[in-house]
Amino acid sequence: MAEYDVIVVGGGPAGATAARKSVQNGLNVLLLDKATFPRNKPCAGGLKDFVLELLDFDISSVIHRKISGVALFAPEGYRVDCIPEDRSKPGWTVMREDFDHLLLKKASEAGAVVKEGAEVMDVQESAREITVTCMDGNSYTSNYLVGADGINSIVAKQLGFYKGWRKDSASVAIEIEAEVGSEKVKEICGEPGGYDAELLLLYFGDFPHGYAWCFPKKTVLSVGACCRQDKVTNIRAGYDAWFERFKKAHDIEPKILSDSASRFPLRPAETIVKGRSLLIGDAAGLVDAFTGEGIPEAIESGIFAADAVKDAVRGDNPQTLKSYEKQCQKTIQSELKVSQSLANVFFKNAKNMDILCRFFRDDPYARYLIAASIGGLLSQKEIKKKMTFRMMKTMPKDALSLYM
Ligand SMILES: Cc1cc2nc3c(=O)[nH]c(=O)nc-3n(C[C@H](O)[C@H](O)[C@H](O)COP(=O)(O)OP(=O)(O)OC[C@H]3O[C@@H](n4cnc5c(N)ncnc54)[C@H](O)[C@@H]3O)c2cc1C
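Nothing here was measured: the structure is a model prediction, and the numbers come from that model.

## Re the overall build of the chain
For the chain, the count of helices and strands is 12 helices and 17 strands. What you see for the chain is a C-alpha radius of gyration of 21 Å, in line with the 22 Å of a compact globule of 404 residues. By the burial criterion, 56% of the 404 residues in the chain qualify as buried. Here the analysis covers contacts within the chain between residues at least 6 apart in sequence; of these, 71% occur between residues at least 24 apart.

So, in structure tokens, the structure goes:
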């Protein structure tokens, strides 16, 4: 008999959520992560309000800043502030080190067996069970397996979900945590007009099929850039030059707390359920191709996965896992498809970025729609529909030329 109902590989937001929910569903759960928490995770740390709705515990102890909107910097240099008037659903920022640690502790407190420093090296599936072997030689067995081990998922590769991400299906990113002090954070990211909240700053034009950002934390700025992997040979050189200009523009010489390169996937994996295993979060490619956000998708897919595994355990039927695939397609993936098409239009060329940035600058309703995506006031589908109608109505020639 297998030792566990389910083994979760990876203790990021996806895995920690799947483990906690699985225990709450009455299952016997082992979670393995190669890192020892708190661990660094290159990430801008922006959270939609929706994330707080998904979690069944308070995360205020790890919140750094309340976000009221976003400031877009067009390739020509002008600035467009997008802030919804009612601010009823703000965004938030966190340091991933602390946020992920809290989520993992919540999985452990719920009753999951959590093993840190446990790097999974081998995964074997037989008709009745899964065997997972770690670098230290320890092996564990379970009836089901959840792959939550991020973009370089060993679960996905070893069980034949995919071999890796094509260069046009992943983004490369650099992320720096720059200590500048609370006053400077407010000066750079503060909302104009004195409302006690900050903005996320997004800069377009310097990185092909991507952008640079500055997200406010308590005393730190998360400053980074990303672009599609097939569009760049050396993101580091471009980033260093951009960061020098950024520092000069804001008259800062920050202490650099961390500086790391990473990747995130830009489209969902074709297969996310196979035999007794399923993939969630980045391992399943569930990241928004337009904004680069993946935390809401990681958490939501973790919840869906836990419910599918519970049904599979109760019915002793691996086929039940297919319900997870259907649920993801209907909810998360259908939203991600909209983001993919938005990204393909917006990032296509400088002309399109220019047309769209002018549209946002000149139309308050378009700015409201952008802001509404920050807190999750509207779904990506609604935003795309409303944005397209608005553009066709107000600037039809420009709208059509986006697709030429
Ligand atoms: C630079 C950058 C900025 C980003 N900014 C944002 C943002 O502002 N907002 C947002 O919503 N999203 C953002 N994202 C995306 C977000 O970070 C991911 O979508 C999210 O972390 C996915 O969570 P996850 O749990 O699936 O994977 P991860 O957070 O990557 O966790 C995977 C875990 O698996 C473990 N692991 C890996 N391999 C093994 C192994 N062999 N054995 C055991 N354990 C293993 C790792 O140690 C890790 O803890 C950003 C991504 C990048 C790269």
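## Topic: the site of the ligand
In the vicinity of the ligand lie 41 residues, with Asp33, Gly46, Arg96, Val120 and Asp282 positioned nearest. Within the backbone of lysine 34, a nitrogen or oxygen atom sits 3.0 Å from a nitrogen atom of the ligand. At 3.3 Å, a backbone N or O of glycine 45 approaches an oxygen atom of the ligand. Here the ligand, which alone exposes 1000 Å², has 94% of that area covered by the protein. Across the shell around the ligand, the residue classes tally to 21 nonpolar, 10 polar and 10 charged. Domain assignment of the residues forming the shell around the ligand places at least three in each of domain 1 (4–43 + 97–162 + 269–340) and domain 2 (167–265).

## Brief notes about the packing of helix α8 (residues 322–346) against helix α11 (residues 380–394)
Running from N to C, α8 and α11 point in directions that differ by 35°, and their axes come no closer than 8 Å. Note on element contacts: α11 touches α8 through Gln380, Lys381 and Lys384, opposite Lys330, Ser334, Glu335, Val338, Ser339, Ser341 and Leu342. Residue composition of the contact of α8 with α11, grouped by class: 2 nonpolar, 4 polar and 4 charged.

## Regarding the pattern of salt bridges
One pass over the structure, following the stated rule, counts 22 salt bridges. For lysine 21, the salt bridge is made with aspartate 307, and the minimal N-O distance between the two is 3.9 Å. Here the residue lysine 21 occupies a position in helix α1 (residues 13–24), and aspartate 307 occupies one in helix α7 (residues 295–315), the gap between them amounting to 286 residues. A salt bridge links glutamate 244 to lysine 247, with the shortest nitrogen-to-oxygen separation between them at 3.1 Å. Residue glutamate 244 and its partner lysine 247 are both found in helix α6 (residues 235–250); the two are separated by 3 residues, about one turn of the helix.

## Some details on helix α5 (residues 182–189)
Among all positions in α5, only Lys184, Val185, Ile188 and Cys189 are buried. Viewed along the axis of α5, the buried residues span an arc of 105°, placing them on a single side of the element. Facing away from the buried side of α5 by over 90 degrees, the exposed positions are Glu183 and Glu187. Of the surrounding elements, those touching the buried residues of α5 are β4 (63–73), β12 (198–203), β13 (210–216), β14 (220–228) and α6.

## Structural notes on the pairing of strand β11 (residues 170–179)
Regular strands show a simple pattern: their side chains alternate between the two faces of the sheet. Taken across its 10 residues, β11 has 9 buried, putting it largely inside the fold. Here β11 runs beside strand β15 (residues 255–265); their pairing, made up of 10 bridges, is antiparallel. If you follow valine 172 over to β15, its bridge partner there is arginine 263.

## So, the packing of aromatic side chains
Tallying each qualifying case throughout the model produces 18 aromatic pairs. Taking 4.9 Å as the distance between ring centres and 70° as the angle between the ring planes, the aromatic pair formed by phenylalanine 204 and phenylalanine 346 counts as edge-to-face. Linking phenylalanine 204 in the loop between β12 and β13 with phenylalanine 346 in helix α8, this pair joins segments that are 142 residues apart in sequence. Its relative accessible area of 8% is what places phenylalanine 204 among the buried residues. A ring pair is formed by phenylalanine 204 and phenylalanine 347, whose centres lie 6.4 Å apart and whose planes are at 50°; its orientation type is tilted. With phenylalanine 204 in the loop between β12 and β13 and phenylalanine 347 in the loop between α8 and α9 (350–362), this pair connects stretches of sequence that are 143 residues apart. Accessibility classification places phenylalanine 204 together with phenylalanine 347 in one group, the buried group. Here the aromatic residues Phe73, Tyr203, Tyr239, Trp242, Phe243 and Phe246 are joined through ring pairs into a cluster of three or more. The aromatic ring of tyrosine 144 is capped on one face by arginine 276, whose charged end is 5.2 Å from the ring centroid. We note arginine 361 situated over the ring of tyrosine 78; from NZ or CZ to the ring centre the distance is 4.6 Å.

## Some details on the nonpolar core
Among the nonpolar cores identified, the biggest contains 76 residues, and Phe99 and Tyr324 are the most heavily contacted of them. Element by element, the count of residues in this core is highest for α7, at 9 residues. Among residues more than four places away in sequence, those in contact with phenylalanine 99 are Pro13, Leu47, Val51, Leu55, Ile59, Val62, Val94, Ile295 and Ile299. Residues Leu202, Met353, Ala366 and Leu369 belong to the second largest nonpolar core, which totals 43 residues.

What counts, and at which threshold
Here, residues in each chain are numbered from 1, in the same order as that chain's written sequence. The predicted nature of this model means local features are confined to residues of pLDDT at least 70 and side-chain atom pairs, given and counted, to a pLDDT of 80 or more, with totals for whole chains, interfaces and linings taken over all residues. For side-chain calculations, the full set of non-hydrogen atoms in the structure is used, while hydrogens and water are omitted. Helix and strand labels come from DSSP, where a helix needs a run of H or I of at least four residues and a strand needs a run of E of at least two; each type is numbered from the N terminus. It is over C-alpha atoms that the radius of gyration is taken, and the globule rule equals 2.2 Å times the number of residues to the power 0.38. Each residue's exposure class comes from its accessible area (1.4 Å probe, protein chains only) as a fraction of the maximum for that residue type: buried when under 20%, exposed when over 50%, partly exposed otherwise. Here, two residues are considered to be in contact whenever any of their heavy atoms come within 4.5 Å of each other. Throughout this document, a residue counts as near a molecule or strand when at least one of its heavy atoms sits within 4 Å of that molecule or strand. In protein, a polar contact requires one atom able to donate a hydrogen and another able to accept it; more generally it is a pair of N or O atoms within 3.5 Å, and residues adjacent in sequence count only if both atoms are side-chain atoms. Here the accessible surface of atoms and residues is derived via Shrake-Rupley with a 1.4 Å probe, and residues count as covered only by protein chains that are part of the display. Classification convention: Asp, Glu, Lys, Arg as charged; Ala, Val, Leu, Ile, Met, Phe, Trp, Tyr, Cys, Pro as nonpolar; all other residues, Gly among them, as polar. Domain limits in this description derive from either an automatic procedure or a database domain assignment. Between N-to-C directions, angles cover 0 to 180 degrees, with each direction set by a line fitted to C-alpha atoms, over the stretch in contact for helices. A pair is scored as a salt bridge if a Lys or Arg side-chain nitrogen falls within 4 Å of a carboxyl oxygen belonging to Asp or Glu. This arc is taken over the directions from the axis of the helix to the C-beta atoms. Any two strands are treated as partners once DSSP identifies two or more bridges connecting them. Only rings of Phe, Tyr and Trp enter the pairing, Trp through its six-membered ring, and a pair is recorded when the two centres are within 6.5 Å. The plane angle decides the type: under 30 degrees is stacked, over 60 is edge-to-face, the rest tilted. Only lysine NZ and arginine CZ atoms are considered, and such an atom sits over a ring when it is within 6 Å of the ring centre and within 35 degrees of the ring normal. Among buried residues, those of type Ala, Val, Leu, Ile, Met, Phe, Trp, Tyr and Cys that are joined through side-chain atoms within 4.5 Å constitute a nonpolar core.

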